[in-house]
Amino acid sequence: MKQMELDVNVDIYDNFSSEYIKVRLTEGALFNEHIESPVVRDFIKDIKSFKRVNVLDVGCGPGVYTKSFYKMGANVVAIDPSETMIDAARKYCGVSSGHGTYNIDFKPVKLMDYHNDRDFYLVLATFMLGYFDDLRSSFKKMEEMLGRSGRIVTSSLHPERLFAVSKNDTGYLSGDNNRNKKYEADFLGKDAVIHLNKYSFEQIFDAASDAGLKVTKMKEPLLPADYNYHDKLKVDFYSRNHSIAVFELKRKSKK
Ligand SMILES: C[S@@+](CC[C@H](N)C(=O)[O-])C[C@H]1O[C@@H](n2cnc3c(N)ncnc32)[C@H](O)[C@@H]1O
């Protein structure tokens, strides 16, 4: 079958999301559940010590973190432009129709088109940086929605992974991967490649700073070499190579 090239600006997730949702919700996704999630969960665990704090889940996808926030007692707004993802998240969180019933407000909208009616103590955007064409504006939009002591937690594929030398068609290593501004993501299936933005640490830190933010924490998780996961080759690789970067950002100065 001819490979289809998809535009991330239309709702590709509406057409190619079922496998992603299945893998994500059965905790089988190595990157998500085993490498990224332990760090993200550590960064957000304080939410359970507050009553009904406002949290925004940007690009909620199937709702894994949305549900965690709800269980921790937060008031959650979950946004995603894909209706399919919102439906899956609703089901996963046990919210059948409408919104608000379980202190989760689902909105089928992109970050830049979302109009907030409240400030947030936490804005979460996991596996999202590659979707933002203008990183500075996206950080600024999130910054403007933060309450006084609010913060952003976000994650991305690790720049080391995105900018590493790649094999060219003849199988030889090619050292010019730095020139490409986008990378091909095929996690929705081999027939559904999407082109996402590649950002270096310098670009991420500069965009955050331009948006009035500073990076207050950053982790580059590796798997322990003896990690209990069925695919031992992958464990070996990801215990030696970075795949994920997780950031916490706060305002540089008080509002
Ligand atoms: C890789 S998934 C991540 C899902 C979820 N955050 C997680 O960690 O499981 C990316 C999600 O972002 C959504 N998305 C893409 N562009 C977006 C945008 N501009 N604003 C908000 N969500 C967006 C997609 O529809 C998709 O559900």
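Use the structure listed above.
Predicted, not measured: the structure shown is a model, and the values here were computed from it.

The next point concerns the packing of helix α6 (residues 135–144) against helix α8 (residues 201–210). Relative orientation and spacing of two packed helices are given, respectively, by the angle between their axes and the distance between those axes. Relative to each other, α6 and α8 sit at 45°, their axes nearing to 8 Å. With respect to their mutual orientation, α6 and α8 come out oblique. Where α6 crosses over α8, the handedness of that crossing is right-handed. Note on element contacts: α8 touches α6 through Gln203, Ile204, Ala207, Ala208 and Asp210, opposite Leu135, Arg136 and Phe139.

Of note, Lys198 is situated in the loop between β10 (192–197) and α8. The exposure class of Lys198 is buried, given its relative accessible area of 4%. A distance of 3.4 Å separates a polar atom in the side chain of Lys198 from the backbone oxygen of Leu162.

Let's shift gears to helix α5 (residues 83–93). Here α5 has its buried residues at Met85, Ile86, Ala88, Ala89, Arg90 and Cys93. In the segment just after α5, Gly94 is the residue with positive phi, at about 80°.

Here the focus is the environment of Lys234. Along the chain, the position of Lys234 falls in helix α9 (residues 232–238). Through-space distance from the C-alpha of Lys234 to that of Leu223 is 9.6 Å; in sequence the pair is 11 residues apart.

Taken as a whole and judged by the stated rule, the model has 6 aromatic pairs. What links up through ring pairs into an aromatic cluster is the set Phe31, Phe237 and Tyr238. For Lys67, the ring lying beneath its charged end belongs to Tyr92, and the centroid distance is 4.5 Å. We note Lys198 situated over the ring of Phe163; from NZ or CZ to the ring centre the distance is 4.7 Å.

What the 7 strands build is an open sheet, ordered β4-β3-β2-β5-β6-β12-β11; its pairing is mixed. Both edges of this open sheet fall to β4 (104–107) and β11 (213–219), since each of them pairs with a single strand only. Averaged over all adjacent pairs, the angle separating strand axes in this sheet is 20°, with direction ignored. Where strand β6 (residues 146–157) and strand β12 (residues 244–251) come together, 7 bridges link them in antiparallel fashion. From the neighbouring strand, Ile152 faces β12, where its bridge partner is Leu249. Its contacts with the sheet place helix α4 (residues 64–71) against β2 (54–58), β3 (75–79), β4 and β5 (120–125), and it is angled at close to 170° to β3. Sheet strands in contact with α5 are β3 and β4, and its direction is about 165° off that of β4.

The next thing to look at is the pattern of salt bridges. Tallied over the full model, the rule gives 12 salt bridges. The salt bridge involving Arg90 is made with Asp87; its shortest N-O contact spans 3.9 Å. Taken together, the positions of Arg90 and Asp87, both in helix α5 and 3 residues apart, correspond to about one turn of that helix. Here Arg90 falls in the buried class, since its relative accessible area comes to 16%. Given the relative accessible area of 39%, Asp87 is considered partly exposed.

For the rest of this paragraph, the subject is the site of the ligand. In the vicinity of the ligand lie 16 residues, with Arg24, Gly59, Asp80, Leu111 and Thr126 positioned nearest. A distance of 2.6 Å separates an oxygen atom of the ligand from a polar side-chain atom of Asp80. Separating a nitrogen atom of the ligand from a backbone N or O atom of Leu111 is a distance of 3.0 Å. Looking at side-chain class alone, the shell around the ligand contains 9 nonpolar, 4 polar and 3 charged residues.

What counts, and at which threshold
Per chain, residue numbering runs from 1 following the sequence as it is written. Totals for whole chains, interfaces and linings use all residues, but because this is a predicted model, local features are given only for residues with pLDDT of at least 70 and pairs of side-chain atoms are given and counted only at 80 or more. As a convention, hydrogens and water are excluded, and side-chain values are obtained from all of the structure's heavy atoms. Note on definitions: angles span 0 to 180 degrees between N-to-C directions of axes, and those axes are lines fitted to C-alpha atoms, for helices only across the stretch in contact. Numbering of helices and strands starts at the N terminus; helices are DSSP runs of H or I of at least 4 residues and strands are runs of E of at least 2. Any angle between 65 and 115 degrees counts as roughly perpendicular, while under 35 counts as roughly parallel, over 145 as roughly antiparallel, and the rest as oblique. What makes a crossing left-handed is the near helix being turned counterclockwise from the far one by less than a right angle; a clockwise turn instead makes it right-handed. Contacts are assigned to residue pairs that have any heavy atoms within 4.5 Å of one another. Buried, partly exposed and exposed residues are distinguished by accessible area as a fraction of the type maximum, computed with a 1.4 Å probe on protein chains only: under 20%, between the cut-offs, and over 50%, respectively. Any pair of nitrogen or oxygen atoms within 3.5 Å is treated as a polar contact; in protein, a donor-acceptor pairing is required on top of that, and neighbouring residues in sequence qualify only through side-chain atoms on both sides. Geometry of aromatic contacts follows a simple scheme: Phe, Tyr and Trp rings, the Trp one being its six-membered ring, pair when their centres are within 6.5 Å, and the pair is stacked under 30 degrees between planes, edge-to-face over 60, tilted otherwise. A ring is scored as having a charge over it whenever the NZ atom of a lysine or the CZ atom of an arginine sits within 6 Å of its centre and within 35 degrees of its normal. Each pair of strands is called paired provided DSSP finds at least two bridges between the two strands. For this document, the term salt bridge refers to a Lys or Arg side-chain nitrogen within 4 Å of an Asp or Glu carboxyl oxygen. Residues are classed as near a molecule or strand on a simple rule: at least one heavy atom within 4 Å of it. Each residue is assigned to one of three groups, with Ala, Val, Leu, Ile, Met, Phe, Trp, Tyr, Cys and Pro labelled nonpolar, Asp, Glu, Lys and Arg labelled charged, and all others, Gly among them, labelled polar.

Honestly, that's just the spatial picture; any functional story needs more than this.
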